Amino acid sequence: MALIATTDGPAEWLEREFPEHCCQWHSTGVLRGIELLLVHQTQVDLPLLHRLPDLKGVIRLGVGYDKVDLNACLQRGVSVTNLPGYCTEEVALSTLAFVMDWVRGHGELEANLKVDPARWQNHLLARVRGLKDVRVGVIGAGRIGSKVMQLAATLGFQICAYDPHVSVPEGRVDRLETLLQTADVVSLHVPLQAETAGLIDAAFISQMKDDALLINTARGGLLGDVNALLDGIRHRGMSACFDVLPEEPDIAQSPLFQHWLQGTYAGRLRITPHNAFHSAQSAEQLLADARQELVHFLQNGTFVSPIL
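Considerations on the overall build of the chain
- A tally of helices and strands in the chain yields 11 helices and 10 strands.
- Taken over the C-alpha trace, the chain has a radius of gyration of 22 Å; the compact-globule value for 308 residues is 19 Å, and the two agree within 12%.
- With the C-alpha coordinates aligned to their principal axes, the bounding extent of the chain is approximately 70 × 40 × 35 Å.
- Taken over 308 residues, the chain has a buried fraction of 44%.
- A sequence separation of at least 24 residues applies to 64% of the contacts in the chain between residues at least 6 apart.
- A total of about 15,000 Å² of accessible surface is found on the chain, and carbon and sulfur atoms cover 52% of it.

Spelled out as structure tokens, the structure:
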């Protein structure tokens, strides 16, 4: 009988849903018999795989799978899948919340009022504008990126997108530089891979418009040059909203976090604690999607939607 374990996932749920297959995870030693493994933040690499000689499949409990060494899994003949559909709406709504907050200047207005109550009903924040005058640019037009575009267009924003890998029905631009130079809001929705790691570098920032907003609800590792970003915020009136940081979970080491904590940039730097994906509904959907993949693998020996 195939055994299922989880390193850092919902062990009680697994035991309840698959009592005949569930087995306890141990952090050391060789674990024989485990054929399916559910992981959340655990790094799946060769040392881990060596401890699981009977492993056949890995389910990453989330959208991104940068913590899974696909080459190592390929060498071992281990199939891998992720759960990309459970939080599409949540991340898209979190992104739009950042956009709306920035368009109406709520962060800056609140920060300025705290410093000087005489600024009550002060209308000097020049960049506050209406929706039709704002162009939202999406980098990565997959499930989440396309949902952001749909919601933004429905609200009345101008939209554009850059994605060399998928078809973009509306607002497609063929060069990343074109999007950066013309968008008022730049929002990233790409996986963390070799081609995207450190994407936000000095050249990226230099091509963005003055006074533009940069949003990252994807992966912290997309930020390659934090000093270039801080320089854009400090000297060019740019704003940034990040739900993910390169240093997480050790966020105290993050320069962005420290500036946010100190309120350095008066509401133009917003940080949320990697919660863009979260809701009661998305948590339920995550488990439902995981169950579907487990059942399919137990019955057929394959995942519904394998990455590998």
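Topic: the environment of R104
- Structurally, R104 is set in the loop between α4 (88–103) and α5 (106–115).
- When the C-alpha positions of R104 and M208 are compared, they lie 20 Å apart, and in sequence the two are 104 residues distant.
- Leave out the neighbours within four places in its chain, and R104 touches L109, V128 and R129.
- Of note is the side chain of R104, whose polar atom sits 3.3 Å from the backbone oxygen of R129.

Description of empty space enclosed by the protein
- Counted under the stated rule, the structure contains 2 cavities of 30 Å³ or more.
- In this model, the largest cavity occupies a volume close to 50 Å³.
- Forming the walls of the largest cavity are D101, W102, G105, G107, E108, R127, L213, S239, C241, G267, R268 and R270.
- Contributing elements (two or more residues each) for the lining of the largest cavity: α4, α5 and β9 (239–242).

Re the packing of helix α9 (residues 226–236) against helix α10 (residues 255–262)
- At a minimum axis separation of 10 Å, α9 and α10 run at an interaxial angle of 30 degrees. By the criterion of interaxial angle, the relationship of α9 to α10 is roughly parallel. Touching V226, L229 and L230 of α9 are P255, L256 and H259, all from α10.
- In terms of residue class, the contact of α9 with α10 is built from 5 nonpolar, 1 polar and no charged.

Let's talk about the sheet that holds strand β1 (residues 3–6)
- Taken together, the 4 strands give an open sheet; going across it, the order is β1-β2-β3-β4, and neighbouring strands pair in parallel fashion. With partners counted over all chains shown, the strands left at the sheet margins are β1 and β4 (79–81), one partner each. Across this sheet, the average inter-strand angle for adjacent strands is 20 degrees, counted without regard to direction.

Section: the nonpolar core
- Grouped together as the largest cluster of nonpolar side chains are 40 residues, with contacts concentrated most on F157, V185 and L294.
- Here this core takes 7 residues from α4, the largest share from any one element.
- When sequence neighbours within four positions are dropped, the list of residues in contact with F157 reads L96, V99, M100, V103, L131, V134, V136 and A152.
- Core analysis: the next-biggest nonpolar cluster, separate from the first, contains 34 residues, L179, V226, L229 and A240 among them.

Focus on the pattern of salt bridges
- Overall, the coordinates contain 11 salt bridges when judged by the stated rule.
- For K209, the salt bridge is made with D184, and the minimal N-O distance between the two is 2.8 Å. Taken together, the residues K209 in the loop between α8 (202–207) and β8 (213–216) and D184 in the loop between α7 (176–182) and β7 (185–188) connect sequence positions 25 residues apart.
- By relative accessible area, K209 is classed as partly exposed at 29%.

Focus on the packing of α4 against helix α6 (residues 143–155)
- The geometry of α4 relative to α6 is characterised by a closest axis approach of 9 Å and an angle of 50 degrees between their N-to-C directions. The angle between the axes of α4 and α6 places the two elements in the oblique class. The interaxial crossing formed by α4 with α6 has right-handed handedness. Between α4 and α6, the residues in contact are T88, V91, A92, L93, T95, L96 and M100 and R143, I144, K147, V148, L151, A152 and L155, respectively.
- Each residue belonging to the contact of α4 with α6 can be placed in one class, and the counts come to 10 nonpolar, 2 polar and 2 charged.

Focus: the sheet that holds strand β6 (residues 158–162)
- Taken together, the 6 strands give an open sheet; going across it, the order is β6-β5-β7-β8-β9-β10, and neighbouring strands pair in parallel fashion. The sheet is open, and its two edges are formed by β6 and β10 (269–271), each paired on a single side. Looking at each pair of strands side by side, their axes are set apart by 15 degrees on average, direction ignored.
- Bridge analysis of β9 against β10 gives 3 bridges, and the strand direction is parallel. Bridging from a neighbouring strand, A240 pairs with L269 of β10.
- Contacts from α4 reach β5 (135–139), β7, β8, β9 and β10 within the one sheet, and its direction differs from that of β8 by about 160 degrees.

Quick notes on the rules
Residues numbered from 1 in each chain as written. Predicted model: local features only at pLDDT ≥ 70, side-chain atom pairs only at ≥ 80, totals over all residues. Heavy atoms only, no water. Helix = DSSP H or I, 4+ residues; strand = E, 2+ residues; numbered from the N terminus. Rg over C-alpha atoms; globule rule 2.2 N^0.38 Å. Buried < 20%, exposed > 50% of the residue type's maximum accessible area, 1.4 Å probe, protein only. Contact = heavy atoms within 4.5 Å. Areas by Shrake-Rupley, 256 points an atom, 1.4 Å probe, with all protein chains shown as cover. Polar contact = N/O pair within 3.5 Å; in protein donor to acceptor, adjacent residues only side chain to side chain. 1 Å grid on protein atoms, 1.4 Å probe; cavity = no way out; pocket = protein on both sides within 12 Å on 5 of 7 lines; lining within 4 Å. Points joined across faces, edges and corners; volume = space filled by probe spheres on them. Axes fitted to C-alpha atoms, helices over the stretch in contact; angles between N-to-C directions. Parallel < 35°, antiparallel > 145°, perpendicular 65-115°, else oblique. Nonpolar A, V, L, I, M, F, W, Y, C, P; charged D, E, K, R; others polar. Pairing = 2+ DSSP bridges. Core = buried A, V, L, I, M, F, W, Y, C linked by side-chain atoms within 4.5 Å. Salt bridge = Lys/Arg side-chain N within 4 Å of Asp/Glu carboxyl O. Left-handed = near helix turned anticlockwise from the far one by under 90°.

Keep in mind that these numbers describe shape and distance, not what the molecule does.
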